[in-house]
Amino acid sequence: KNPLVAFGAGKVILLGEHSVVYGYPAIAGPLSIGVVARGVPSRSCVLDVPVTADAAQKRMMRKAFARAARLVGEPKVKVTLEPQLPLSAGLGSSAALAVATSRVLLQAAGQAPTPKETARLAWEMEQEFHGTPSGVDHTTSAEEKLILYRRVQAPSGATGRARELKSPRPVSVVVALAGARSPTKLTVGALRERQARWPERYKRLFGQVGRLVTDAAKAVEAGDLEGLGDAMNVNQGLLNALGLSSPALEDMVFRLRSMGALGAKFTGAGGDGGAVIGLFSEPEPVVARLTRDGVRCFASQLAGPRAQGDIP
Ligand code: PMV
């Protein structure tokens, strides 16, 4: 029998991280790289953890795997993981891992790995990794589309509502890594304390981000990349106002803008460092130049028509 193979895409949040935790909308899209999971018949249901993971990550992966495996009746399969993404870089590696693993487990259990079933099982794993995240990561990975996402607690177990955003023009970003990243728990926790102390002030800022996201969704659907880029720039200003940025992130944001980005901001948790995205109509020369200068980066198309011969 052929081995089971499944892919879970990494993600970037285009706009709306952090405020998404408080019920405001966000836009997120899948990366072309992620995590590949392979399943081979085995005497029990086991996970072969990646060698690149540290001890704490391995423990968490085993716990998350056991939780998902129990829910599908522990099919006799050994799952191996191949991460193509840097772990803990704010690019959704844990959600990608959860989605790829869930797809293999569902197939091994004789169930169809539909986006809905995949997202449901991946969510169980994500809770082991993150506690209670907004759900935007695993939903984007399971849907594999650019989505407008809003957190809601549904009786079905779904964590949020997602609607695909189609673009008549390619929406492509350069993802650049800037410095060491802060743990998501830390930045989310610190923001929670500030907003609990000054609720009205922070609510106003979250509301502003929410409106930008709505504007940006319209811009995507109209193919208005300039409008989308401007919304991203203003979102970065508000993320800074929320106390989530740092010199390393700001430097990279301004660097990408000086290279012609239509918009640039950090993506994900923020804090001391992490991933920064720039919206470019021609990302390849930017990646080449940054790479020459020693910046770890890559390009990814999140939505829109693809050039012929492109790998989706
Ligand atoms: O950096 P990441 O991928 O962990 O992104 C976190 C995104 C937040 O909005 C900050 C948290 C969440 O649960 O959505």
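Since the structure is predicted, the reported quantities are computational estimates derived from the model, not experimental observations.

What counts, and at which threshold
Residues numbered from 1 in each chain as written. Predicted model: local features only at pLDDT ≥ 70, side-chain atom pairs only at ≥ 80, totals over all residues. Heavy atoms only, no water. Buried < 20%, exposed > 50% of the residue type's maximum accessible area, 1.4 Å probe, protein only. Near = heavy atom within 4 Å. Polar contact = N/O pair within 3.5 Å; in protein donor to acceptor, adjacent residues only side chain to side chain. Areas by Shrake-Rupley, 256 points an atom, 1.4 Å probe, with all protein chains shown as cover. Helix = DSSP H or I, 4+ residues; strand = E, 2+ residues; numbered from the N terminus. Nonpolar A, V, L, I, M, F, W, Y, C, P; charged D, E, K, R; others polar. Domains from an automatic or database assignment. Pairing = 2+ DSSP bridges. Axes fitted to C-alpha atoms, helices over the stretch in contact; angles between N-to-C directions. Contact = heavy atoms within 4.5 Å. Buried area = accessible area lost by both parts, 1.4 Å probe. Salt bridge = Lys/Arg side-chain N within 4 Å of Asp/Glu carboxyl O.

### A few points about unusual backbone geometry
A positive phi angle is found at H18, which is not glycine, with a value near 70 degrees. Taking the relative accessible area as the measure of exposure, H18 reaches 6% and is therefore buried.

### Remarks on the site of the ligand
The environment of the ligand is formed by 16 residues, the closest being K11, S134, R181, T184 and A269. At 2.9 Å from an oxygen atom of the ligand is found a main-chain nitrogen or oxygen belonging to H18. Separating an oxygen atom of the ligand from a side-chain N or O atom of R181 is a distance of 2.5 Å. Surface burial for the ligand is 94%, taken as the share of its 380 Å² of free accessible area covered by protein chains. Those elements that place two or more of their residues in the shell around the ligand are β1 (4–15), α4 (136–143) and α5 (184–197). Classifying every residue of the shell around the ligand gives 7 nonpolar, 5 polar and 4 charged. Shared between two domains, the shell around the ligand holds at least three residues of each, these being domain 1 (4–164) and domain 2 (171–303).

### A few points about the sheet that holds strand β8 (residues 263–266)
Pairing within the open sheet is antiparallel, and its 4 strands lie in the order β8-β9-β7-β10. Each edge of the open sheet carries a strand with a single partner, namely β8 and β10 (297–303). Direction aside, the axes of adjacent strands within the sheet are offset by 25 degrees on average. By the bridge criterion, 4 bridges tie β8 to strand β9 (residues 274–279) in an arrangement that is antiparallel. For F266, the partnering residue across the bridge sits in β9 and is V276. Its contacts with the sheet place helix α8 (residues 247–258) against β7 (171–178), β8 and β9, and it is angled at close to 20 degrees to β9. In the packing of helix α9 (residues 283–292) onto the sheet, contacts are made with β7 and β10, and the angle to β10 comes to roughly 160 degrees.

### Quick look at the domain arrangement of the protein chain
A common way to express how large an interface is: the accessible area buried when the components associate. According to the domain assignment, the protein chain contains domain 1 (4–164) and domain 2 (171–303). Just the C-alpha atoms count here: the centres of domain 1 and domain 2 sit 23 Å apart. Taking both partners together, domain 1 and domain 2 bury about 2800 Å²; carbon and sulfur atoms supply 69% of that area. On inspection of domain 1 and its partner domain 2, the count reaches 2 salt bridges. Across the pair E221 and R163 runs a salt bridge, and its minimum N-O distance is 3.0 Å. Linking domain 1 to domain 2 there are 8 residue pairs in polar contact (both at pLDDT 80 or more).

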